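The primary structure of each chain is shown beneath.
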Amino acid sequence: MHSSDRRLTTHVLDTRIGRPAAGLLIELWRWSPANWEWVASERTNEDGRTGKPLLLLTPVSRGVYELRFQVGAYFNQQGVNSDPIPFLDEIPVRFGIFDIERSYHVPLLVTPWSYSTYRGS
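Basis of the calculations
Residues numbered from 1 in each chain as written. Predicted model: local features only at pLDDT ≥ 70, side-chain atom pairs only at ≥ 80, totals over all residues. Heavy atoms only, no water. Pairing = 2+ DSSP bridges. Helix = DSSP H or I, 4+ residues; strand = E, 2+ residues; numbered from the N terminus. Axes fitted to C-alpha atoms, helices over the stretch in contact; angles between N-to-C directions. Polar contact = N/O pair within 3.5 Å; in protein donor to acceptor, adjacent residues only side chain to side chain. Contact = heavy atoms within 4.5 Å. Salt bridge = Lys/Arg side-chain N within 4 Å of Asp/Glu carboxyl O. Buried < 20%, exposed > 50% of the residue type's maximum accessible area, 1.4 Å probe, protein only.

(A) Geometry of the pairing of strand β5 (residues 36–43). Relative to β5, strand β4 (residues 25–31) runs antiparallel, the two being bridged by seven bridges. In the sheet register, E27 faces β5, and the bridge partner there is S41. Counting the residues that bridge the hairpin from β4 to β5 gives four residues.

Listed below in structure tokens is the structure:
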């Protein structure tokens, strides 16, 4: 495996409409010894994916990470949220990266009222 093959990727599916969630902002944060540090921000494309990996795992990037999916703003743009305070606004998905010889894929399936995630390949 080449070092460029080791990466963190994601995609988002809007299961309310059965299609990829285009234009959804995703932030990646990493836990340092005392606080969260911002790493990257990307918007999803028409396939619900970011145009590039959120993180390349070189040099060694073991640690605790958090993807923050800005679903409240996305569903507002879709005209779905009518409440001033949406049920789901920012969805944090916290996970650990230890094996830097593997790629990590963390997808999100979402509606305005529910979500699911898993470690993909």
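Once the structure has been displayed, the description carries forward.
(B) Structural context of the sheet that holds strand β7 (residues 63–70). As summarised here, the arrangement of the four strands in space is β5-β4-β7-β8, forming an open sheet in which the pairing is antiparallel. If you trace the sheet from one side to the other, it starts and ends with β5 and β8 (90–97), each paired once. For this sheet, the mean inter-axis angle between neighbouring strands, taken without regard to orientation, is 20 degrees.

(C) Layout of the side chain of E27. Within the fold, E27 resides in strand β4. Within the local environment of E27, its side chain forms a polar contact with the side chain of W29, the two groups lying 3.1 Å apart. Among residues more than four places away in sequence, those in contact with E27 are A40, S41, E66, L67, R68, Q70 and E90.

(D) Focus on the pattern of salt bridges. As enumerated under the stated definition, the model contains five salt bridges in all. Across the pair R68 and E66 runs a salt bridge, and its minimum N-O distance is 2.8 Å. Taking the relative accessible area as the measure of exposure, E66 reaches 6% and is therefore buried. When the shortest N-O distance is used, the salt bridge between E66 and R94 registers 2.9 Å. Of this pair, E66 sits in strand β7 while R94 is found in strand β8, placing the two residues 28 residues apart along the sequence. Overall, the relative accessible area of 56% leaves R94 in the exposed class. When salt bridges with common partners are traced through the structure, they connect E66, R68 and R94 into a single cluster.

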